[in-house]
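Here's the letter readout for the chains.
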Amino acid sequence: WSIAFAAVGMRYPSVPIRWCFRVLGVIFAISCVRLLMRLAEATRLCQDKRKTSGSIVAALTKFAGRMPEPNESRGAIDAANFQTFLVHALQNPMGVELLGILMTYQLV
């Protein structure tokens with residue numbers, strides 16, 4: 001939409017309205033970038049591996065060190081399921097996707 005506002009602002013006959021379209025285009029573009037930055041922040045919160053980050057991966061890693069020994073069959077199944085989930089979380093990128101693209105700061 002910001003490109004459409006800018007295109008109309010280039011050729012509109014009335015100068016004040018032309019500038020209004022240009023300003024609207026800039027405002028809309030800045031708003032879109034801010035939204036994408038928020039999505040990138042949510043993705044960072046999902047992927048950050050530092051222990052102090054509070055991300056999903058960090059929480060999983062902290063919990064992995066406190067898992068009780070699997071001495072009964074239910075505990076062994078829970079431990080195996082947790083280890084599978086932990087490996088999946090560490091090997092696959094998690095976060096917010098938009099049109100199949102993971103929103104990261106590098107993309108924005």
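None of the values given here were measured: they were computed from a predicted structure.

Trainee: With reference to specific residues and values, describe the packing of aromatic side chains.
Mentor: Tallying each qualifying case throughout the model produces zero aromatic pairs. When the ring centre of Trp-19 is taken as origin, the NZ or CZ atom of Arg-22, which lies over that ring, is 4.7 Å away.

Trainee: Explain the confidence of the model for the chain to me, and be specific about the residues and the numbers.
Mentor: Confidence in the prediction of the chain, expressed as mean pLDDT, is 78, and 87% of residues score 70 or more. The element-level mean pLDDT for the chain is lowest in helix α1 (residues 2-11), coming to 73, with helix α2 (residues 15-47) highest at 86.

Trainee: Describe the pattern of salt bridges, and please don't skip the residues or the numbers.
Mentor: Summed over all chains, the structure comprises one salt bridge. In this structure, the salt-bridge partner of Arg-44 is Glu-41, at a minimum N-O distance of 2.6 Å. Taken together, the positions of Arg-44 and Glu-41, both in helix α2 and three residues apart, correspond to about one turn of that helix.

Trainee: A description of unusual backbone geometry should follow, citing residues and the corresponding values.
Mentor: Residues other than glycine seldom take positive phi values, yet Leu-99 does so here, at roughly 55 degrees. Structurally, Leu-99 can be placed in the loop between β1 (97-98) and β2 (101-102). Residue classification places Leu-99 among the exposed residues on the basis of a relative accessible area of 82%.

Trainee: If you had to explain the side chain of Thr-104 to someone new, which residues and values would you point to?
Mentor: Among the secondary structure elements, Thr-104 is positioned in the segment after β2. The exposure class of Thr-104 is buried, given its relative accessible area of 18%. Sequence-distant contacts of Thr-104, that is, excluding residues within four places in its chain, are made with Ala-40 and Thr-43.

Trainee: Could you give me a rundown of the environment of Tyr-12, with the residues and numbers involved?
Mentor: Inspection of the secondary structure assignment puts Tyr-12 in the loop between α1 and α2. Overall, the relative accessible area of 32% leaves Tyr-12 in the partly exposed class.

Trainee: For α2, give the residues involved together with the corresponding values.
Mentor: With 33 residues, α2 should reach 48 Å at 1.5 Å per residue; the first-to-last C-alpha distance of 48 Å fits that figure. Among all positions of α2, only Gly-25, Ala-40, Thr-43 and Cys-46 are buried.

Trainee: Tell me what's going on with the packing of α1 against α2, and back it up with residues and numbers.
Mentor: In contact at an axis separation of 7 Å, α1 and α2 are set at 165 degrees when each is read in the N-to-C sense. As the angle between them shows, α1 and α2 are arranged roughly antiparallel. Two packed elements cross with a definite hand, and for α1 against α2 that hand is left-handed. Across from Ser-2, Phe-5, Ala-6, Val-8, Gly-9 and Met-10 in α1, the residues of α2 making contact are Arg-18, Phe-21, Arg-22, Leu-24, Gly-25, Phe-28 and Ala-29.

Trainee: Lay out the side chain of Thr-43 with the relevant residues and their values.
Mentor: Note that Thr-43 resides in helix α2. Residues within four places of Thr-43 in sequence aside, it is in contact with Met-94, Gly-95, Val-96, Leu-102, Met-103 and Thr-104.

Rules used in this analysis
Residues numbered from 1 in each chain as written. Predicted model: local features only at pLDDT ≥ 70, side-chain atom pairs only at ≥ 80, totals over all residues. Heavy atoms only, no water. Phe/Tyr/Trp six-rings, centres within 6.5 Å; stacked < 30°, edge-to-face > 60°. Lys NZ or Arg CZ within 6 Å of the ring centre and 35° of its normal. pLDDT = per-residue confidence, 0-100. Helix = DSSP H or I, 4+ residues; strand = E, 2+ residues; numbered from the N terminus. Salt bridge = Lys/Arg side-chain N within 4 Å of Asp/Glu carboxyl O. Buried < 20%, exposed > 50% of the residue type's maximum accessible area, 1.4 Å probe, protein only. Contact = heavy atoms within 4.5 Å. Expected span 1.5 Å × (residues − 1). Axes fitted to C-alpha atoms, helices over the stretch in contact; angles between N-to-C directions. Parallel < 35°, antiparallel > 145°, perpendicular 65-115°, else oblique. Left-handed = near helix turned anticlockwise from the far one by under 90°.

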